[in-house]
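Here are the chains, one letter per residue:
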Amino acid sequence: MTKLALSDEILMAVDKPSRYIGHEINMVEKDPSSVDIRYAMCFPDVYEIGMSYLGIQILYDMFNRREDTYCERVYCPWPDLDKVMREERIPLFSLETQSPIRQFDFLGITIQYEMCYTNILQVIDLSGIPLLSADRTEEDPIVIGGGPCTYNPEPIADFFDIIYIGEGEESYDALFTLYKTYKNSNMPRREFLYRAALIPGIYVPSLYEVSYNADGTIEAVTPIPYSADSKVFASDPVEESTDKADPKQDVCTLIPPARIRKVVVKNFEDAPYPVKPVVPYLRATQDRVVLEVMRGCIRGCRFCQAGMIYRPTRQKPVSLVESYVDTMLQNTGYDEISISSLSTSDYEGLPELMDFLVDKIDKEHIQVSLPSLRVDAFSLDVMKKVQDIHKVSLTFAPEAGTQRLRDVINKGLTEEVILNGVTQAFAGGWNKVKLYFMMGLPTETEEDVEGIPELCEKISEVYFDTVPKDQRAGSLSITASASYFVPKPFTPFQWAPMLDRETYVAHAYHVKEHFRKMRNTKRMKFAYHDQDISLIEGIYARGDRRLSALVLEVYRQGGIFDAWTEFFSMQRYTDAMEKLGIDQEFYLTRPRDVAEVLPWDHLDCGVTKQFLIREWERAQQGIRTKNCREQCSGCGAACFSEGPCPAMN
């Protein structure tokens, strides 16, 4: 057995020591000396959160299928161990071999959420790697980031050597091939980065110069060509090169592309999938078999970044998904299955798959979790089958309290559909309902926020009108929660001002007071999300490269685990912004013109800016856009396929 990096004394003193020992079921074991590439895969949060992320399981499985690569995992040490590691000078280590991360060729970090940015610095720092990419040498690992926040990586651009934009299954083979050439030659690190920048989906932030206008907005993002002497860089703008990462190419001609387009898996059916996932010793957030049935979404909600950046929609055949079930249940010992997608109701094979899973429920007593279902007759019938004995809460997301605002955000969910759905649910035996809303959406009025408790009241009236007293199993419970709307890149709302803190809090209090006026108020609960964390998320979400200084300053002042309310400090951020002269309103509440150069305009997710502008204009007029199966809206995602967008097939 591999010698543990932490002593027994330390493990016994920290919370949940099983986070740090590895050797879980299905953990991959290789001889590190027998491979060419060692890759440390990191999720910048605590172990049980990171172990629940399907993307890491997919890449872990895919990389370890290669004979020349050993992929190991690393997560953020909890603050108690963080303190010990700093005091005892213990370097951050991998779970598989307990090796220091600095010994690896790559440190790959999944950038899932803006509030994990300080945790990224925690990982790099504890690994003994210079925080700034400009300070790294040939002796340091290549620090590479992937995940949804890479669609605007500018606030953390100074900390990454490479940003991978798109789906990991597509371009890593080319990157690894290039790296082996670099590792076994005299190629300088800088030249490797230039050659990597020519691989589809690879963005190297240090190879681009950002200039600013007098008002603080961006003037241009310009690629920097490799200079003839390989030591300094030319500054004049140049044409984009069409050359690929050819190791024989003259370094004088290496020019990064002016725009970096994401990469997507076109043959989704043949993409690798982890049918033998690592099973943690302690309970993870998602402690079950996960079946990914679809990528992308046809709905076109204007607030939803995932619905835009993961286009086009692709589905897996039911037969393939079914083949995963028995194998994964046997390989893991789990007795619960979760279906994963952005909108499971839109998976065309769902009826057939559910017949298969319901048979499993009856014969093998497994459980099935069904997230992302619309409230309609079919979905309720499915939920009745999988929750026949113990009916958990019925959960759905109207997002807005009035039909006017739901049309603005293109939710495609009418009040009639909502009330018909809960009518059928109450008739089927459900008496607990959870509803998710957002406050601060573009064009929101007082009437819109008052619509939240009023919609809950209508739902309660449906219950008492349709369910006879003698058939009511327990008491009705309606729980509504509201989050602070944060505009995100590559959505039609990327130009929208974010609601200021005082107005958001005032709206939240107003909603709470309005709930008290409802006739069935005792049956209802209302909660709203922390406004300060959402404000910082909003600053980072649409921020530019100058915010790297903010991340660094907050980290140096002790900021880690900012996504956790018990560790987050708004004062720490306020002090740092004041010290650095950062204007919150510039990033949050100011209106943005569609002609403004945005920090992410040199990146390309496939959805065109023209489409997003058109949707922004339609939103302000309250005009809905049909979903992709009803009518193609010409978003641009068809560029990833040879024929029409797969969502139309």
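Above this note sits the structure.
Summary of the structure given here. (Residues numbered from 1 in each chain as written. Predicted model: local features only at pLDDT ≥ 70, side-chain atom pairs only at ≥ 80, totals over all residues. Heavy atoms only, no water.)

**With respect to the overall build of the chain**
Tallying secondary structure elements over the chain gives 20 helices and 19 strands in all. Burial status across the chain gives 59% buried among its 649 residues. Of the charged side chains in the chain, 71 are positive and 97 negative; the average position of the first set lies 3 Å away from that of the second. (Helix = DSSP H or I, 4+ residues; strand = E, 2+ residues; numbered from the N terminus. Buried < 20%, exposed > 50% of the residue type's maximum accessible area, 1.4 Å probe, protein only. Lys, Arg positive; Asp, Glu negative; His and termini not counted. Charge placed at Lys NZ, Arg CZ, Asp CG, Glu CD.)

**Notes on the sheet that holds strand β16 (residues 432–439)**
Pairing is parallel in the open sheet, where four strands are placed in the order β15-β16-β17-β18. The sheet terminates laterally at β15 (394–399) and β18 (524–528), the two strands that pair on one side only. Along the sheet, successive strands turn relative to each other by an average axial angle of 20°, direction set aside. Sheet topology places β16 next to strand β17 (residues 477–484); eight bridges connect them, and they run parallel. (Pairing = 2+ DSSP bridges. Axes fitted to C-alpha atoms, helices over the stretch in contact; angles between N-to-C directions.)

**Here's the deal with the environment of serine 323**
Mapping serine 323 onto the fold places it in helix α9 (residues 318–332). Along the backbone, serine 323 and valine 275 are 48 residues apart, and their C-alpha atoms lie at a distance of 9.6 Å.

**Thoughts on the packing of α9 against helix α10 (residues 350–364)**
The angle between the axes and the distance between the axes are what describe a pair of packed helices. As a packed pair, α9 and α10 sit with axes 10 Å apart at the nearest point and diverge in direction by 20°. Relative to α10, α9 is oriented roughly parallel. Crossing angle aside, the handedness with which α9 passes α10 is right-handed. For the pair α9 and α10, contact is made by Val318, Val321, Glu322, Val325 and Asp326 and by Glu352, Leu353, Phe356, Leu357 and Lys360, respectively. In the contact of α9 with α10, the residues fall into six nonpolar, no polar and four charged. (Parallel < 35°, antiparallel > 145°, perpendicular 65-115°, else oblique. Left-handed = near helix turned anticlockwise from the far one by under 90°. Contact = heavy atoms within 4.5 Å. Nonpolar A, V, L, I, M, F, W, Y, C, P; charged D, E, K, R; others polar.)

**A word on the side chain of threonine 110**
As for its placement among the helices and strands, threonine 110 is situated in strand β3 (residues 106–110). The contact partners of threonine 110, leaving out residues within four places of it in the chain, are Cys42, Phe43, Pro44, Tyr53, Ile56 and Gly146.

**Things to note about the environment of glutamate 617**
Examined against the element boundaries, glutamate 617 turns out to sit in helix α20 (residues 609–621). Placed 499 residues apart in sequence, glutamate 617 and threonine 118 show a C-alpha to C-alpha distance of 36 Å.

**Observations regarding the side chain of glutamate 615**
On the secondary structure map, glutamate 615 appears in helix α20. Classification of glutamate 615 as buried rests on a relative accessible area of 3%. Reaching out from glutamate 615, the side chain makes a polar contact with the side chain of arginine 302 at a distance of 2.9 Å. (Polar contact = N/O pair within 3.5 Å; in protein donor to acceptor, adjacent residues only side chain to side chain.)

**Brief notes about the packing of aromatic side chains**
Enumeration according to the criterion identifies 37 aromatic pairs in this entry. Judged by centre distance (5.7 Å) and plane angle (25°), the ring pair of phenylalanine 568 and tyrosine 573 falls under stacked. According to the relative accessible area criterion, tyrosine 573 is buried, its value standing at 1%. An aromatic cluster is built from Tyr39, Phe63, Phe106, Tyr164, Tyr172, Phe176, Tyr179, Tyr182 and Phe192, whose rings are joined through pairwise contacts. For arginine 19, the ring lying beneath its charged end belongs to tryptophan 78, and the centroid distance is 5.1 Å. When the ring centre of phenylalanine 640 is taken as origin, the NZ or CZ atom of arginine 261, which lies over that ring, is 5.8 Å away. (Phe/Tyr/Trp six-rings, centres within 6.5 Å; stacked < 30°, edge-to-face > 60°. Lys NZ or Arg CZ within 6 Å of the ring centre and 35° of its normal.)

**Focus on helix α18 (residues 570–580)**
Buried within α18 are the following residues: Met570, Arg572, Tyr573, Ala576 and Met577. Looking straight down α18, one finds that the buried residues subtend no more than 160° of arc, so they occupy a single side. Opposite the buried face of α18, at more than 90 degrees from it, the exposed residues are Glu578 and Lys579. Where α18 is buried, its residues meet α5 (117–126), α16 (531–541), α17 (548–556) and α19 (584–587). Two residues or fewer past α18, glycine 581 is found with a positive phi of approximately 70°. (Arc of directions from axis to C-beta.)

**Observations concerning the state of the cysteines**
Counted according to the given criterion, the structure contains zero disulfides. Summary of cysteine pairing: cysteine 149 is not part of a disulfide, and the nearest cysteine sulfur, belonging to cysteine 116, is at 8.1 Å. Taking relative accessible area as the criterion, cysteine 149 reaches 7% and is therefore assigned buried. (Disulfide = S-S within 2.5 Å.)

**Examining the pairing of β3**
Counting buried positions over the five residues of β3 gives five, a clear majority of the element. The alternating pattern of β3 places Phe106, Gly108 and Thr110 and Leu107 and Ile109 on opposite faces, both of which are buried. Across four bridges, the pairing between strand β1 (residues 37–43) and β3 is parallel. Bridge pairing in β3 places methionine 41 opposite glycine 108.

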